[in-house]
Amino acid sequence: MPRVLPLVWRLTPLWVLVLLAALLTATTAAPAHAAPDTSIGIDGGKGGRTFDGIGAISGGGGNSRLLTDYPAAQQKQILDYLFKPGYGANLQLLKLEIGGDANSTDGSEPSIEHTKGKVDCDAGYEFWLAEQAKKRNPHIGLYGLAWAAPGWIDGGFWSTDTIDYLITWLGCAKQHGLDIEYLGGWNERGHDAGWYVRLRSALDAAGYSRVRLVADDSGWDVADDMAKDPAFGKAVSIIGAHYPCQGDGGPADTCSSTQTAQDSGKPLWASENGSQDMNTGAPALIRSITRGYVDAKMTSYFNWPLLAAIYPNLPYSTVGLATAGSPWSGNYSVGANTWATAQVTQFAQPGWSFVDSASGHLGGSESNGSYVTLRSPGGKDYSTVLETTSATDTQTAHFSVTGGLSTGTVHVWATDVNHPSPATEFVHTEDIRPSGGAYSLTMRPGYIYTVTTTTGQGKGTATAPAAHPLALPYTDTYDHDAAGTEARYLSDMQGSFEVQKCAAGRRGMCLQQMAATKPIEWQDDSDAFTLVGDPTWSDYSLHSDVELARPGTVELIGRAGLQNRPQSHQQGYLFQISDTGVWTILKSDANGVRTVLSRSATTPLGTGTWHRLGLSFSGSTITASVDGKDVGVAHDGSYTAGQGGLGLTSYDTDQFDNLSFQKTAAARPSAQLALTPSAKSVRRGKPVDVTATFSVPAHAGKAEGITIGLTAPGFTFDGQPQVFGEVAPGHSAVATWTLTAPTDKASTADIGATATYARGGVAQWLRQDTQVAVTNPPPPSGVTDVSSLDFVASTNGWGPVERDQSVGGTNPDDGTPLTIGGTVYAKGLGTNAVSDVTVYLGGACSSFSSTVGNDDDAGNQGSMTFSVVGDGKTLASTKTVKGGDPAQKLTADVSGVQTLDLVVGDAGDGNAYDHGDWAAPTLTCTG
């Protein structure tokens, strides 16, 4: 049995002793249905593939951005947890995004060369991050990969321009004292074999022969093409696949590669994996590492992302090894992913060898967990990492050590990843003295265990301060920032916003959008915009000076909340204004739908001149201003809080200055809009009245030029807006519409009214929404005549559909008795092609029958077809029926049918004299 050394007990704090006691109690208790024991023979004379290390990815868009704005003390702590040996994740590899001025998931990373030939090796923060990583771990391996690329590149991504750009980026890295060991192509966009061959040749010629190429950061099929193309295979050093453990964010119960990839002789990497919460993703993370080797022979793992140093309203805001989304407070959180990583990286180094004979599935089954063993090169040390994350019972592993490896004391470290807690993460649980090289370890389910002969491991003790909101007022003049840097707290979503010298005669520093042409994008296009501030801000005014470098449109963004992918799916309000003075207030939702709230024009802004724009929020009142004068007001209560932002709708080099956020006071409404339906529900195809009442409070000024419009998707109504001259204080204007409900199905319908008006020369907008339930009529019961049922809908080629008489003229009830072949029918439907009568059955009926034909009043003229259609499927039909033909019997099984349509067609020759009769149409139903 494992034994804890007395020294450990003497030096361990009380809370750890309690934890260890619990662990030991659990490991000594025999489970009722324990998993089978596992025998692990670790032979130093045996080996496997070479371990290349565990890393993480800074990139795939902007996920390290806010780290640069953290207070120095907390910034150091976060970096130590990520990179410092014997402290936290102890990362051995770091992948850096090669910025391309376009969004690649959680933001846009700047290019070192926004325009061709103008290189700034200090652009962005990736080189700074790599420097910090190297400072803590000089042996960390660096890997560069592009998601997007600047728009000046000619010939698309797979071009010579891109090769030159990558070599320029490597040169910038060298200026920062960084040797990039690995270089990829285009993230998750497959490969161009010839391009990799040309890249290899260009790297060698430029003095980068030691840079190893990774292909293709997508899937394993690249190995097939490498096998077919020797030049391609020679150019590529490493095969890197993304999410090989059951997909993006997958559970990693098993991992896979291909036989071709395994036979290539190249290292196989999970060059991107993860995409999981920093705590709940830890079980999948460790499975991806251990099962990644056991199942698929992968020798390296890169977690995406490194950390979520992004605003919490962005996608993947809790994904990574840690989170750091509050730079003004210094608050951060270290996730269980960090300690799951440490269970490998603090016990084995790149260059160690896997021991295949001492790696596998616990108890011979993947459901019990997995384990891998690694040994030091030419030494005596070894470490075995075991995970029981999918196990349900305790189990025991029996070790026997031979082949020259150390048989001395082994140290056991453990992390409970199924129930993350600081008290159970990365704990030195016991030391074991083998007897004759043999020892045993009993393991609880949901854990990672590492047994090792190495020492020097440790767990950082730094703690973060409490989080707090960013205080208002908040301002930034950019005058204390260096040219080419990113302004404090700004997080670019598309394009690249950098501090540069002010243009158009202004002194000092300003914020400039630097991408002059649309980039080669990895994710969908959008406005170029950047976000700033606290997502909890509610009532505030945002102001910024702006200068349009060229004709175009700039925008202020407020109450920016949830963002979905792609970045255009940004929730919030936008004030857009062009150089011509045309302006719009928009609402944007997280599905990418934009709704115009107000639109008008003011004095042109022109180009090359400075103007001060404003966008303020007070409750549901949204006010836009230009040069201190309000130009538009909208009222919308959809979003109550969110960040601010700056942007433009084209790729121009516009500038911004003197950013300001101030608290605003509550505003009293200048007008109100109420929307009232005459009923909360309406049957399909039936009318309902909707009234919109525009009122001006007694304390407010009069409203002028009132226009009230209605939107009711699916309803039929006169959609013309209703116009009123003016409404005095204390009075109202009332607009009423009669709507016919949709006929296709029951639903909950959204109806909205908008009112535009002017007050004091300022355009204003109001919106009010309501819902009306569109319901089905009651289903028929028993044996029922269709002509006695309430129609959901009816259409007719001439006049109305008649009940119990033939079709006549254009008025109701102007027909004659239904007569086919001289026989008069008391019940039925008189129609004229093309016609459709819709009735609701609700699945309550079993059969339909009718006698059909052309009414005798058409003589021998006319031709038509009859069809019985249930839920869009034709159940029964006739061939062409002509005037004077005998009556036909038409029957159909309507079991389960919800909606029945009785359709008369014109047989393709027009509808003259097509007086189609449904005589005695009968439904047999339950009830």
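Residues numbered from 1 in each chain as written. Predicted model: local features only at pLDDT ≥ 70, side-chain atom pairs only at ≥ 80, totals over all residues. Heavy atoms only, no water.

S.K.: Tell me about the overall build of the protein, and please be specific about residues and values.
M.R.: From N to C terminus, the protein includes 11 helices and 59 strands. Nonlocal contacts in the protein, meaning residues at least 24 apart in sequence, comprise 73% of its contacts between residues at least 6 apart. Of the roughly 33,700 Å² that the protein leaves accessible, carbon and sulfur atoms contribute 50%. A gap of 8 Å separates the mean positions of the 59 positive and 91 negative side-chain charges of the protein. (Helix = DSSP H or I, 4+ residues; strand = E, 2+ residues; numbered from the N terminus. Contact = heavy atoms within 4.5 Å. Areas by Shrake-Rupley, 256 points an atom, 1.4 Å probe, with all protein chains shown as cover. Lys, Arg positive; Asp, Glu negative; His and termini not counted. Charge placed at Lys NZ, Arg CZ, Asp CG, Glu CD.)

S.K.: Go over the packing of aromatic side chains, please, and point to the residues and values.
M.R.: In this structure the tally under the stated criterion is 41 aromatic pairs. Consider the rings of W413 and F426, whose centres lie 4.7 Å apart with planes at 35 degrees: the pair is tilted. In this pair, W413 sits in strand β17 (residues 410–416) while F426 sits in the loop between β17 and β18 (427–432), placing the two residues 13 residues apart along the sequence. In terms of burial, W413 and F426 fall into one category: buried. Ring pairing ties together the aromatic residues Y81, Y87, Y332, W339, F347, W413 and F426, which thus form one cluster. The ring of F302 carries K95 above its face, with NZ or CZ at 5.6 Å from the centroid. Stacked on the ring of W610, the Lys or Arg R506 has its end atom at 4.1 Å from the ring centre. (Phe/Tyr/Trp six-rings, centres within 6.5 Å; stacked < 30°, edge-to-face > 60°. Buried < 20%, exposed > 50% of the residue type's maximum accessible area, 1.4 Å probe, protein only. Lys NZ or Arg CZ within 6 Å of the ring centre and 35° of its normal.)

S.K.: Account for the nonpolar core, naming residues and giving values.
M.R.: Core analysis: the largest hydrophobic core is formed by 171 residues, its most contacted members being F83, L94, L183, L203, L306, F575 and F661. Dropping the residues within four chain positions of it, F83 is found in contact with N90, L91, L94, L129, A133, R136, N137, I140 and L306. (Core = buried A, V, L, I, M, F, W, Y, C linked by side-chain atoms within 4.5 Å.)

S.K.: Go over the side chain of E521 with me, naming the residues and quoting the values.
M.R.: The residue E521 is located in the loop between β24 (509–513) and β25 (528–532) in this model. At 2.8 Å, the side chain of E521 forms a polar contact with the side chain of Q494. Sequence-distant contacts of E521, that is, excluding residues within four places in its chain, are made with A102, A148, W186, Q494 and Y651. (Polar contact = N/O pair within 3.5 Å; in protein donor to acceptor, adjacent residues only side chain to side chain.)

S.K.: So what about unusual backbone geometry? Which residues, and what values?
M.R.: For the bond from A215 to D216, the omega torsion is -5 degrees, close enough to zero to count as cis. Within the secondary structure, D216 is located in strand β6 (residues 212–218). Of note, the bond from R565 into P566 is cis; its omega dihedral lies within 30 degrees of zero at -5 degrees. Topologically, P566 is positioned in the loop between β28 (563–564) and β29 (569–570). Even without being glycine, S275 reaches a positive phi, approximately 60 degrees. Here S275 is to be found in the loop between β8 (268–274) and α10 (282–296). Relative accessible area serves as the criterion here: at 12%, S275 is assigned to the buried category. Of note in this structure, A504 is not a glycine but carries a positive phi near 55 degrees. Take A504: it is sitting in the loop between β23 (497–501) and β24.

S.K.: So, helix α3 (residues 72–83): which residues are in play, and what are the values?
M.R.: Structural remark: α-helix, 3.6 residues per turn; residues separated by three or four positions point the same way. With 12 residues, α3 should cover 16 Å at 1.5 Å per step; its first-to-last C-alpha distance of 16 Å lies within 8% of that length. A large share of α3 lies buried, amounting to nine of its 12 residues. Buried within α3 are the following residues: Q74, Q75, Q77, I78, L79, D80, Y81, L82 and F83. On its buried side, α3 packs onto β3 (93–98), α4 (126–136), β10 (322–326), β11 (331–334) and α11 (336–345). (Expected span 1.5 Å × (residues − 1).)

S.K.: Pulling in residues and values, what's your account of the packing of α10 against α11?
M.R.: Relative orientation of the contacting elements α10 and α11 amounts to 25 degrees, with a least axis distance of 8 Å. In terms of their interaxial angle, α10 and α11 are classed as roughly parallel. Viewed along their axes, α10 and α11 form a crossing whose handedness is right-handed. Taking contact as the criterion, the partners of A282, L285, I286 and I289 in α10 are, on α11, A336, N337, A340, T341 and V344. Residue composition of the contact of α10 with α11, grouped by class: seven nonpolar, two polar and no charged. (Axes fitted to C-alpha atoms, helices over the stretch in contact; angles between N-to-C directions. Parallel < 35°, antiparallel > 145°, perpendicular 65-115°, else oblique. Left-handed = near helix turned anticlockwise from the far one by under 90°. Nonpolar A, V, L, I, M, F, W, Y, C, P; charged D, E, K, R; others polar.)

S.K.: Could you give an account of the environment of W339, naming the residues involved and the relevant values?
M.R.: Along the chain, the position of W339 falls in helix α11. The residues contacting W339, other than those within four sequence positions of it, are Y81, Y87, G88, V334, T415, E425, F426, K459 and G460.

S.K.: Account for the packing of α3 against α4, with residues named and values stated.
M.R.: Where α3 contacts α4, the two axes come as close as 10 Å, and the packing angle between them is 65 degrees. It follows that α3 is roughly perpendicular to α4 by the angle criterion. Regarding α3 and α4, the two cross each other, and that crossing is right-handed. Contacts from Q75, K76, L79, D80 and F83 in α3 reach W128, L129, Q132, A133 and R136 in α4.

S.K.: Explain the pattern of salt bridges to me, and be specific about the residues and the numbers.
M.R.: This structure, assessed with the given rule, holds 25 salt bridges. As a salt-bridge pair, R200 and D204 come within 2.9 Å of each other at their nearest N and O atoms. Taken as a pair, R200 and D204 lie in helix α6 (residues 193–205) at a separation of four residues, close to a single helical turn. Note that K297 is salt-bridged to D356, the shortest N-O span being 3.9 Å. With K297 in the loop between α10 and β9 (298–304) and D356 in the loop between β12 (353–354) and β13 (360–361), this residue pair connects regions lying 59 residues apart in the sequence. Relative accessible area serves as the criterion here: at 32%, D356 is assigned to the partly exposed category. (Salt bridge = Lys/Arg side-chain N within 4 Å of Asp/Glu carboxyl O.)

S.K.: Help me get a handle on the state of the cysteines, residues and values and all.
M.R.: Taken as a whole, this structure holds four disulfides when the rule is applied. Each sulfur in the disulfide pair C121 and C172 lies 2.0 Å from the other. Judged by the sign of its S-S torsion, about -65 degrees, the bond between C121 and C172 is left-handed. Highlighted residues: C121 in the loop between β3 and α4 and C172 in helix α5 (residues 160–175), separated in sequence by 51 residues. Of the two residues examined, C121 and C172, each falls in the buried class. Here C502 engages in a disulfide with C510; their sulfurs sit 1.9 Å apart. (Disulfide = S-S within 2.5 Å.)

S.K.: Can you lay out the sheet that holds β25 for me, pointing to particular residues and giving the numbers?
M.R.: Sheet architecture is open: seven strands sit in the order β22-β25-β36-β27-β30-β31-β32, paired in antiparallel fashion. One side of each edge strand has no neighbouring strand; the edge strands of this open sheet are β22 (491–494) and β32 (594–601). Neighbour to neighbour, the strand axes of the sheet diverge by 20 degrees on average, direction disregarded. Direction of pairing for β22 relative to β25: antiparallel, over a ladder of three bridges. Residue pairing in the sheet places Q494 in a bridge with F529 of β25. (Pairing = 2+ DSSP bridges.)

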